[in-house]
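Single-letter residue listing:
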Amino acid sequence: MKHLPLLLAVLPLCLGVHAEQVQIGSGTVINQSLPLEALANYSYSQQLYLASEIGGAGSISSLAFQYNIPNSTYYSTNQNLSVWLGLSPQNQLSSWVSQENLTLCYEGVLPLSAFSGGLPGSGWMTVPLTTPYFYDGTANLLIAVRENSPGHSGNNDEFMCSSAAVSRGIVWLNANPIDVNALPAQGFYVRQAFPNLRLEINITHLTPYQPSPANGATLVPIDTGFSWSSDAPSFDFRFGTAPEALA
């Protein structure tokens, strides 16, 4: 006979992992220059998203920002991007998060297919991360975007943002290429807003519930079928039996 708490010790090894699209923000605020400013030659921004808005830990494979771009000149002057992700304990932004704390996840020219509504048009600009980023589910998520293409387009090329009670974005606009390791201590813009965001994330759910037999049960035969509820695939687990033998 075995006590069930010993059986429950194996449950964290059985993880439910599935891809989800998490959207944060649905506002129509414009003129924030987040995540980039099409009217500037070059721009660099940082924007903060709260753990409570994301909903769990997991690997982020892509992110998307909502756009409304009426000018045909946008793509040729704003196609080259660098994107970093990182964790932050801060709930608001008033100064730059150090580049040392960020991971470069994308760098290159976005294809036209990245714009769901075409260009000119409206929709979501998707950045597929060449280096997926594991988000821990506890800290807040910081996304930094540098626009590297020379030139600029019209002042009505916009990304949709949502307003916030505190500053959730900062941006630096410049006539010359931006060195992210030498950001200015002043002259940048602080925004009480953040760009509407869609994350493609494989949420990992670690906690099973409703085990059968019940947790704490005693005098349970060693060959008893064992089940629980979670987002993971269904298992029938018995000690001493290989999982493939139970199929």
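Look up a bit, the structure's there.
Computed from a predicted model, the values in this text were never measured in an experiment.

Draft legend 1. Structural context of the overall build of the protein. Assigned secondary structure in the protein consists of three helices and 15 strands. In the protein, which comprises 247 residues, the share counted as buried stands at 45%. Taking the intrachain contacts of the protein between residues at least 6 apart in sequence as the baseline, contacts between residues at least 24 apart amount to 83%. When the accessible surface of the protein is split by element, carbon and sulfur atoms take 52% of a total near 11800 Å².

Draft legend 2. Summary view of the nonpolar core. Ranked by size, the top nonpolar core spans 37 residues in total, and within it L63, F65, L85, F115, M125, L141 and I143 carry the most contacts. With near-sequence residues (within four places) excluded, F65 lies in contact with P35, Y49, G123, W124, M125, I143, V145, F159, P195, N196 and L197. Y42, Y44, L93 and W172 belong to the second largest nonpolar core, which has 15 residues in total.

Draft legend 3. Spotlight on the side chain of R168. By the element assignment, R168 lies in the loop between β9 (161-163) and β10 (169-174). Filtering out sequence-adjacent residues up to four positions away, R168 remains in contact with Q46, Q47, L48, Y49, L50, E53, N91, L93, R191, Q192, A193 and F194.

Draft legend 4. Representation of the pattern of salt bridges in the model. Considering all chains together, one arrives at two salt bridges under this definition. Of the charged contacts in the structure, one is a salt bridge between E53 and R168, with a shortest N-O distance of 2.8 Å. You can see E53 sitting in helix α2 (residues 51-54) and its partner R168 sitting in the loop between β9 and β10, a full 115 residues away along the chain. For E53, a relative accessible area of 25% puts it in the partly exposed group.

About the criteria used
Residues numbered from 1 in each chain as written. Predicted model: local features only at pLDDT ≥ 70, side-chain atom pairs only at ≥ 80, totals over all residues. Heavy atoms only, no water. Helix = DSSP H or I, 4+ residues; strand = E, 2+ residues; numbered from the N terminus. Buried < 20%, exposed > 50% of the residue type's maximum accessible area, 1.4 Å probe, protein only. Contact = heavy atoms within 4.5 Å. Areas by Shrake-Rupley, 256 points an atom, 1.4 Å probe, with all protein chains shown as cover. Core = buried A, V, L, I, M, F, W, Y, C linked by side-chain atoms within 4.5 Å. Salt bridge = Lys/Arg side-chain N within 4 Å of Asp/Glu carboxyl O.

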